[in-house]
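# Commentary on secondary and tertiary structure
Each chain, written out:
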Amino acid sequence: MMENLAQRVRESVRLADVLALYHLQPNRAGFLHCPFHSGDRSPSLKVYPDQNTWHCFGCGKSGTVIDFVMEMERCSFVDALKKLDADFHLGLSDSKESYRNYRKRLSEQRKKAKEQSAFKLELQSRIAQRRALWLNLRKLKVSNHEQAQQAAKLIGEIELLEEQISQYEIFQHEQILRAVSMNPQQTKARNGFGTFSESTQMGGEIGWKKGT
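An account of the accompanying structure is given in this report. Keep in mind that this is a model prediction, so the values were computed, not measured.

### Points about the overall build of the chain
A tally of helices and strands in the chain yields 7 helices and 6 strands. Starting at the N terminus and walking to the C terminus, you meet the elements of the chain as α-α-β-β-β-β-α-α-α-α-α-β-β. Here the chain holds 212 residues, and the buried ones make up 36% of them. Counting only contacts in the chain whose residues sit at least 6 apart along the sequence, the fraction spanning at least 24 positions is 53%. As displayed, the chain offers around 13500 Å² of accessible surface, 52% of which is attributable to carbon and sulfur atoms.

See the structure below:
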């Protein structure tokens, strides 16, 4: 039953619409910055519209709309199905979410997406500043005391930026670790329904195995 429900979700929901919910937009080649690993300075997550799947060449994660929601929401397979059902009003489950709760959850999703976007922009800005300072330092010829002071100032600014960038990347890595971790309730739910794995390999072959 759960596998049939998952199949109906994959057939009903386009990955492009799921990305839009998180304010993510692939470029013309179908790539976007992967939200699941840090340091993705050039887009490494590829979207395959024909297969309705995705794959990140940076961290190796891949899957369908269900896998994407599981990663973004840090939730179990079953909870991802429920979310997609509610977000796109598929009517696949018996439970009905109130309009008030739906609007509240949608507002929280948009706030989270906005914070993630601002975080990435700030990190990219610090990296660009560091690169510019390094280029200026390399061009500087130290032949007197004034130039030596200027070089020392540039080095100090570079070190400060490197520390800030490191803190940003550590924070982002911790967020990702929390995203992929599963709490005891999610573990219990997954063990009850089995483990569902989806892959873009072999034309989107699907595997199902009963949880132990």
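Okay, back to it.
### Overview of the pairing of strand 2 (residues 45-48)
The side chains of a regular strand alternate between the sheet's two faces. Bridge count for strand 1 (residues 31-32) against strand 2 is 2 bridges, and the pairing is antiparallel. The partner of Phe 31 across the bridge, within strand 2, is Lys 46.

### Quick word on the environment of Lys 83
Note that Lys 83 resides in helix 4 (residues 77-87). The class for Lys 83 is buried, based on a relative accessible area of 10%. Lys 83 sits 14 residues away from Val 69 along the chain, and the two C-alpha atoms are 8.2 Å apart. The residues contacting Lys 83, other than those within four sequence positions of it, are Tyr 22, Val 69, Glu 73, Arg 105 and Gln 109.

### Brief notes about helix 4
Across the 11 residues that make up helix 4, a large majority, 9, are buried. Among the residues making up helix 4, those that are buried are Phe 77, Val 78, Ala 80, Leu 81, Lys 83, Leu 84, Asp 85, Ala 86 and Asp 87.

### Some thoughts on the sheet that holds strand 1
Remark on secondary structure: sheet strands pair via backbone hydrogen bonds, oriented parallel or antiparallel. Taken in spatial order, the 4 strands line up as 1-2-3-4 in an open sheet, and their pairing is antiparallel. Bordering the open sheet on either side are strand 1 and strand 4 (62-63), each of which pairs with just one other strand.

### Overview of the nonpolar core
In terms of nonpolar packing, the biggest core is built from 29 residues, with Leu 45, Ile 66 and Phe 68 touching the most fellow members. Ignoring any residue separated from it by four or fewer positions in sequence, one finds Leu 45 in contact with Gly 30, Phe 31, Leu 32, Cys 34, Pro 35, Phe 36, Trp 54, His 55, Cys 56 and Phe 68. Counting residues in each nonpolar core, the second largest holds 7 residues, with Leu 133, Leu 140, Ala 151 and Ile 158 among its members.

### Some remarks on unusual backbone geometry
You will see that Asn 52, though not glycine, has its phi angle at about 60 degrees, which is positive. Since its relative accessible area comes to 16%, Asn 52 is described here as buried. In this structure, Arg 74 takes a positive phi of about 55 degrees despite not being glycine. Mapped onto the elements, Arg 74 comes out in the loop between helix 3 (65-73) and helix 4. Assessed through its relative accessible area of 34%, Arg 74 is described here as partly exposed.

### Observations concerning the packing of aromatic side chains
This model, assessed by the stated rule, comprises 5 aromatic pairs. Measuring from centroid to centroid gives 6.2 Å for Tyr 22 and Phe 68, while their planes differ by 55 degrees, and the two rings are tilted. Highlighted residues: Tyr 22 in the loop between helix 2 (15-21) and strand 1 and Phe 68 in helix 3, separated in sequence by 46 residues. The same class applies to Tyr 22 and to Phe 68, which are both buried. Seen in terms of ring centroids, Phe 36 and Trp 54 are 5.5 Å apart; in terms of plane orientation they differ by 50 degrees. Their pairing is tilted. Of the two residues, Phe 36 is situated in the loop between strand 1 and strand 2 and Trp 54 in strand 3 (residues 53-56); the sequence distance between them amounts to 18 residues. Here Phe 36 matches Trp 54 in class, with each residue buried. Each member of the aromatic cluster is reached from another via a ring pair, and the members are Tyr 22, Phe 36, Trp 54 and Phe 68.

The rules behind each value
Residues numbered from 1 in each chain as written. Predicted model: local features only at pLDDT ≥ 70, side-chain atom pairs only at ≥ 80, totals over all residues. Heavy atoms only, no water. Helix = DSSP H or I, 4+ residues; strand = E, 2+ residues; numbered from the N terminus. Buried < 20%, exposed > 50% of the residue type's maximum accessible area, 1.4 Å probe, protein only. Contact = heavy atoms within 4.5 Å. Areas by Shrake-Rupley, 256 points an atom, 1.4 Å probe, with all protein chains shown as cover. Pairing = 2+ DSSP bridges. Core = buried A, V, L, I, M, F, W, Y, C linked by side-chain atoms within 4.5 Å. Phe/Tyr/Trp six-rings, centres within 6.5 Å; stacked < 30°, edge-to-face > 60°.

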